[in-house]
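Structure assessment
One letter stands for each residue in the lines below.
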Amino acid sequence: SEITDILRHYLHQQYSIEAMEMTTPEILAAYDLAGLRTDARQFLANILVMADFAKFAKATPQRNENEQSMTFARQFIDGTKPTINEPDAKLFETKTEKLPNTEEKA
């Protein structure tokens, strides 16, 4: 459930999907409507379904299932995190350069 909470916060922060208040089918539908990468969607679906089993069916995930959920979470975030393209990277560098010292000298 901690992994799903992290992913729900991530979806809210990065893509304005109100995932904390949604069911698994609602999250997946919102994901589709947002036009996000379809290849990463399956990782998210696998994690959410496994968490639903644990929560609603009182199933206890095995150690390897927990490890698999972590792997899927990493792959999902790696596949959906925004990237900085070349012009944006140069703009970022320009804005973050050290400003000249403007202190008055006595």
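For clarity, every value in this text was computed on a predicted model and none was experimentally measured.

Let's shift gears to the side chain of T4. By the element assignment, T4 lies in helix α1 (residues 2-15). Owing to a relative accessible area of 8%, T4 belongs among the buried residues under this scheme. Residues contacting T4, with those up to four places away along its chain left out, are I47, L48 and A51.

Counting 19 residues, the largest nonpolar core has L7, L11, Y31, L44 and F76 as the members making the most contacts within it. Examining the composition of this core, we find that five residues originate from one element, helix α3 (residues 38-56), more than from any other. Residue contacts for L7: discarding those within four places in its chain leaves L44, I47, A73, F76 and I77.

A few words on the packing of α1 against helix α4 (residues 63-80). Packing of α1 against α4 brings their axes to within 11 Å, and their N-to-C directions diverge by 10°. What the angle tells us is that α1 and α4 run roughly parallel. Here I3, L7, Y10, L11 and Y15 of α1 come into contact with α4, specifically with N66, S69, M70, A73, F76, I77 and T80. Counted by class, the contact of α1 with α4 contains nine nonpolar, three polar and no charged residues.

Bringing the confidence of the model for the protein chain into the picture now. Within the protein chain, residue pLDDT values average 80, and 78% of them lie at 70 or more. By mean pLDDT, helix α5 (residues 86-96) is the weakest element of the protein chain at 53, and helix α2 (residues 24-33) is the strongest at 92.

Calculation notes
- Residues numbered from 1 in each chain as written.
- Predicted model: local features only at pLDDT ≥ 70, side-chain atom pairs only at ≥ 80, totals over all residues.
- Heavy atoms only, no water.
- Helix = DSSP H or I, 4+ residues; strand = E, 2+ residues; numbered from the N terminus.
- Buried < 20%, exposed > 50% of the residue type's maximum accessible area, 1.4 Å probe, protein only.
- Contact = heavy atoms within 4.5 Å.
- Core = buried A, V, L, I, M, F, W, Y, C linked by side-chain atoms within 4.5 Å.
- Axes fitted to C-alpha atoms, helices over the stretch in contact; angles between N-to-C directions.
- Parallel < 35°, antiparallel > 145°, perpendicular 65-115°, else oblique.
- Nonpolar A, V, L, I, M, F, W, Y, C, P; charged D, E, K, R; others polar.
- pLDDT = per-residue confidence, 0-100.

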